[in-house]
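Chains, contacts and geometry: an overview
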Amino acid sequence: MILFKQSNELHNYLENLRNSNQTTGFVPTMGALHEGHLSLIRRSLEDTDKTICSIFVNPTQFNDPKDFEKYPVTIDKDIRLLESAGADILFLPSVETVYPNGMKQLAHYELGETEFQLEGKYRPGHFQGVCQVMHRLLDVVKPDHLYMGEKDYQQCMVVKKLLNFMGSTTRLHPCPTLREPDGLAMSSRNMRLTPEERKKAVAISQSLTYINDHLIPGNLKELKQYAKSFLEDNQFRVDYVEIADAQNLSIVDNWNGNTSLVALIAAFIGDVRLIDNKILKKGKEERDA
Ligand code: AMP
């Protein structure tokens, strides 16, 4: 695996690859890698000639400075994992490399409603930060294919908008969420959970499964409330339990039985904020399939 810290060196290297008609796949991450990240790397390795991973904990997407300070950093282990997975290139830029003109006057992106709902509502400025870093990384890497996790469902939608806005030809592939055997979605933040919190954390995926299994057309408020109470009974502080249109993420309180839905949860256990979601199956047959 080749390691690049400077954007111009990586850019030139990739320019040569493109000139020799090699396809590229890109997996942007914030490090503290786990099997979920590696599943994206493997997907890219299958689809493309060269796989590039970036590790950069982006300060502009953290609305809470404490969350940024406590974000786990395990760079030596990450490098070992990427090498054993077979990644070709690691981009490990500094803050100055990503934001050469500082972080004060960065671009503002028109994201519409998405910016202010769900994650956007509870993490003001978060998706502006996501766009700022992704725009810069995509400008440097210019990948043919981009692999991102459905675990960050709303982020995938925002990045799709960003690619349109940039007029980019990069193809985005949202990839399935990898889970621990008990159902907890893999996340870098899981390593901050105490053993007691870790046991309770499974309540998030259990709530999503409950919503999926009890979904019927009509009013959905009781179902959301049940899941919220279940999380609270397990010592969670809930930011939101929502059911939304899977295409545009507008909140659905009354379901007509046809629109595709996604259930989304964000909740704190201790001082660790976890998110997860599930695309909901429509009818009993689909659920039992
Ligand atoms: P992060 O390092 O948390 O910014 O994540 C980097 C990429 O990995 C994002 O596209 C995430 O959506 C994706 N990702 C994180 N957790 C998982 C998971 N459990 N399964 C699949 N992809 C994931």
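Residues numbered from 1 in each chain as written. Predicted model: local features only at pLDDT ≥ 70, side-chain atom pairs only at ≥ 80, totals over all residues. Heavy atoms only, no water.

1. Some points on the pairing of strand β10 (residues 261-269)
Of all the nine residues making up β10, nine are buried; the element is thus mostly covered by neighbouring parts of the structure. Residues Leu261, Ala263, Ile265, Ala267 and Ile269 line one face of β10 and the alternating positions Val262, Leu264, Ala266 and Phe268 line the opposite face, and both faces are buried. With nine bridges joining them, strand β8 (residues 236-245) and β10 adopt antiparallel strand pairing. Opposite Val241, over in β10, you have Ile265 as the bridge partner. Pairing analysis gives eight bridges linking β10 to strand β11 (residues 272-279), with the strands arranged antiparallel. Across the sheet, the residue bridging to Ile265 is Asp276, located in β11. As consecutive antiparallel partners, β10 and β11 are separated by two residues, and within that stretch Gly270 has a phi angle of approximately 60°, a positive value. (Buried < 20%, exposed > 50% of the residue type's maximum accessible area, 1.4 Å probe, protein only. Helix = DSSP H or I, 4+ residues; strand = E, 2+ residues; numbered from the N terminus. Pairing = 2+ DSSP bridges.)

2. Regarding the sheet that holds β8
Read across the sheet, three strands follow the order β8-β10-β11 without closing on themselves; strand pairing throughout is antiparallel. Two strands close off the open sheet at either side, each with one partner strand: β8 and β11. With strand direction ignored, the average angle separating the axes of adjacent strands in the sheet is 10°. On top of the sheet, helix α10 (residues 203-214) reaches β8, β10 and β11; it is set at about 25° to β11, its chief contact. Here helix α11 (residues 221-233) sits on the sheet and contacts β8 and β10; the angle it forms with β8, its principal contact strand, is near 155°. (Axes fitted to C-alpha atoms, helices over the stretch in contact; angles between N-to-C directions. Contact = heavy atoms within 4.5 Å.)

3. Overview of the sheet that holds strand β6 (residues 171-175)
If you walk across this open sheet you meet the six strands as β1-β4-β3-β2-β5-β6, and the pairing is parallel. Two strands bound the open sheet, and with one partner strand each, they are β1 (2-4) and β6. When the angles between neighbouring strand axes are averaged without regard to direction, this sheet yields 25°. Direction of pairing for β1 relative to strand β4 (residues 89-91): parallel, over a ladder of three bridges. If you follow Ile2 over to β4, its bridge partner there is Ile89. This element, helix α1 (residues 7-19), spans β1, β2 (24-29), β3 (50-55) and β4 of the sheet and lies at about 150° to β4. Sheet contacts for helix α8 (residues 153-166): β5 (145-149) and β6; angle to β5, the most-contacted strand, approximately 155°.

Geometric values such as these leave the question of function open.
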